[in-house]
Amino acid sequence: MKIALTCIFIFVLTFNGFSQIERIVRINPVLDTANADFKEIFDFWKNYMDKLNAKSIRTAGLLNRMDDELKSYWDDNETNTYSFVDLYYSFMSSIGNVWFTNDVEYFLGVAKRDSNLFELKTIFVTRDDSFFKGFPSIMITVPIQKINGTFKLQNTFSSSKRQLKKRTFSNVIYYYPETYSFIDSTAESLNQRVEAFKKNFQINNQDTITYLVANNKTEISKWFGIEYYNVDFVSASNTIQGGYITNNKIILSGGGGENYLHEIIHLLLSEIQHGRYIYFEEGLASYFSEHVGKPYSFHIGRFKEFLQQNSWIDLSKSLYGYSKDSTGSIIYKPQSDDAEMQLIRYRDERSTYNFQYMIHAVICDIAFRMGSYDKVKELFRAKADNEQDFYRNVECILGIEQDDLNNYLRDFVNSNY
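Per-chain numbering applies: the sequence of each chain, read as written, is numbered from 1 onward. At least 70 in pLDDT is required for a residue's local features to be given in this predicted model, at least 80 for side-chain atom pairs to be given and counted, and no such filter applies to totals for whole chains, interfaces and linings, which use all residues. Excluding hydrogens and water, the side-chain values take into account all heavy atoms of the structure.

## Points about the overall build of the chain
Logical step 1: Counting from the N terminus, the helices are DSSP H or I runs at least four residues long and the strands are E runs at least two residues long. Helix and strand counts for the chain stand at 13 helices and 18 strands.
Logical step 2: Based on the C-alpha atoms only, the size of the chain along its principal axes is roughly 70 × 55 × 40 Å.
Logical step 3: Out of the 417 residues in the chain, the part that is buried amounts to 51%.
Logical step 4: Taking the contacts inside the chain whose residues are at least 6 apart along the sequence as the reference set, 65% of them involve residues at least 24 apart.
Logical step 5: Carbon and sulfur atoms make up 47% of the accessible area of the chain, which amounts to about 19,500 Å² in all.
Logical step 6: Positive residues here are Lys and Arg, negative ones are Asp and Glu, while His and the chain termini are left out of the count. Positions of charges follow a simple convention, taking NZ of Lys, CZ of Arg, CG of Asp or CD of Glu. Counting 45 positive and 52 negative side-chain charges, the chain places the averaged centre of each group 2 Å from the other. Burial classes follow relative accessibility: with a 1.4 Å probe on protein chains only, a residue under 20% of its type's maximum area counts as buried, one over 50% as exposed, and anything between as partly exposed. The contact definition used throughout considers only heavy atoms, calling two residues in contact when any of these lie within 4.5 Å. Using the Shrake-Rupley algorithm and a 1.4 Å probe, accessible areas are obtained, with residue cover drawn only from the displayed protein chains.

## Some remarks on the sheet that holds strand E7 (residues 172–176)
Logical step 1: Any two strands with at least two DSSP bridges between them are considered paired. The strand order E6-E7-E8-E11-E10 describes an open sheet built from five strands, whose pairing is mixed. A single partner strand is all that each edge strand has here, and the edge strands are strand E6 (165–168) and strand E10 (241–245). Between one strand and the next, the sheet's axes are offset by a mean angle of 15 degrees, whatever the strand orientation.
Logical step 2: Think of each axis as a best-fit line through the C-alpha atoms, taken over the contacting stretch in the case of a helix, with angles from 0 to 180 degrees between the N-to-C directions. Helix H6 (residues 184–200) contacts E6, E7 and strand E8 (209–214) of the sheet and is inclined by roughly 145 degrees relative to E7.
Logical step 3: Helix H8 (residues 261–269) contacts E7, E8, E10 and strand E11 (250–254) of the sheet and is inclined by roughly 20 degrees relative to E10.

## Considerations on unusual backbone geometry
Logical step 1: Residues other than glycine seldom take positive phi values, yet Lys249 does so here, at roughly 50 degrees.
Logical step 2: With respect to the helices, strands and loops of the structure, Lys249 is situated in the loop between E10 and E11.
Logical step 3: Relative accessible area serves as the criterion here: at 23%, Lys249 is assigned to the partly exposed category.
Logical step 4: With phi around 45 degrees, Val292 is a residue other than glycine that occupies positive phi space.
Logical step 5: Its place among the elements puts Val292 in the loop between strand E12 (290–291) and strand E13 (294–295).
Logical step 6: A residue is classified by how much of its surface remains accessible, and Val292, at 2% relative accessible area, is buried.

## Quick word on the packing of aromatic side chains
Logical step 1: Here the aromatic set is Phe, Tyr and Trp, taking the six-membered ring for Trp, and pairing holds for ring centres within 6.5 Å; pairs whose planes are under 30 degrees apart are stacked, those over 60 apart are edge-to-face, and all others are tilted. Applying the stated criterion to the full structure yields 40 aromatic pairs.
Logical step 2: With centroids separated by 5.1 Å and ring planes inclined at 20 degrees, the aromatic side chains of Tyr277 and Phe390 adopt a geometry described as stacked. Separated by 113 residues along the polypeptide, Tyr277 in the loop between H8 and helix H9 (279–288) and Phe390 in helix H12 (residues 387–398) bring together distant segments of the chain. Taken as a pair, Tyr277 and Phe390 share a single burial class, namely buried.
Logical step 3: Should the NZ of a Lys or the CZ of an Arg lie within 6 Å of a ring centre and within 35 degrees of the ring normal, that charge is described as sitting over the ring. For Lys294, the ring lying beneath its charged end belongs to Phe298, and the centroid distance is 5.4 Å.

## Describing H6
Logical step 1: One less than the number of residues in a helix, times 1.5 Å, gives the span that helix is expected to have. Across its 17 residues, H6 extends 25 Å between first and last C-alpha, which sits within 8% of the 24 Å expected from 1.5 Å per residue.
Logical step 2: For H6, the set of buried residues is Ala187, Leu190, Asn191, Val194, Phe197 and Lys198. All buried residues of H6 lie within an arc of 130 degrees about the axis, which places them on one face of the element. Exposed and oriented more than 90 degrees from the buried face of H6 are Ser185 and Lys199.
Logical step 3: Elements in contact with the buried residues of H6: E7, E8, H8 and H9. The arc in question is formed by the directions pointing from the helix axis toward the C-beta atoms.

Shown next, in the form of structure tokens:
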């Protein structure tokens with residue numbers, strides 16, 4: 001039984017230290033760098049990472065596709081299997097940290113595993129001027145095959161999934177370890193929920209979703225050859241850790257079971273054009289599915305209690321948090337206004353439970369009652385790149401002015417729950 005359910009929020013990391021294309025790479029001093037195989041493999045890997053990093057920077061830190069130059073470093077079997085071939089990069093995109101390519105790299109070494117198969121191990125460490133202040137961001141092991149005299153990268157996951165069990169449904173293909181107790185009826189329930197959501201939101205994409213499920217995300221990360229990543233091991237509680245990889249349509253369910261629709265909704269909505277403001281999408285997914293394993297009907301009671309106990313919170317000034325000045329006074333400021341001002345999320349002090357998802361789930365609830373799925377879609381599609389844009393969209397589409405939203409939300413929750 002789970003002793004605690006908390007959410008590992010997607011990290012939206014700061015752009016600190018991400019201003020230079022030139023990477024810093026340090027080699028383990030005990031390695032035999034004069035060895036011909038080592039030199040060729042190291043140069044091959046460094047050239048690839050240099051190019052990947054440069055292209056990431058030019059796209060502001062998130063590649064959605066790989067060009068032919070980057071693909072040329074990969075085994076053809078990999079490029080033919082995955083829409084975005086670099087699954088190490090894809091996995092890190094699921095936690096919001098594709099900027100690891102610009103971290104300081106400590107190249108740990110190369111081992112020969114077969115006549116033409118090698119593995120390299122390397123670790124990336126954040127720069128001292130970044131939020132993480134010189135702490136490791138990711139450690140990976142990468143297979144490299146020598147094919148016709150040329151080195152090619154491979155994904156650890158390609159071999160890992162051959163060792164996993166597989167169950168196929170019309171919308172979802174599951175992979176899970178031998179030791180996992182897979183529940184077919186729960187998986188079938190998810191398949192039907194996906195079908196219903198696609199129908200209600202008029203999403204016509206028929207691509208099958210790959211769903212990776214295990215008891216925790218640490219286990220899943222090892223299938224990718226990722227031995228450590230920066231938001232693993234961050235809680236002593238037994239947590240549910242979800243994630244999704246848009247460019248390969250992969251769901252990661254660590255402790256979330258076979259029926260975690262929340263992350264699939266993110267995948268389905270990624271095909272709909274909208275702005276960069278992420279919280280309404282999180283609220284929408286929480287309203288129509290679940291949040292940290294529990295449905296909206298469970299969370300709304302806790303949220304109602306939270307609002308009653310914190311009457312000072314003004315949701316007309318911010319929908320996700322506040323700051324405090326040097327005197328301890330509450331200040332509502334956009335996140336980007338002052339880099340030194342620490343954002344304090346609306347949260348339950350007893351359980352450190354953050355409520356910004358539920359605030360936006362309530363707005364989704366209001367929209368649904370006003371005009372069913374069409375009204376929700378209209379609000380979702382309306383371009384909002386920041387909180388102020390979203391306030392304007394709520395006013396335009398739902399007819400609730402920003403100054404009135406705090407009272408409106410509170411009255412709505414008190415009247416309906």
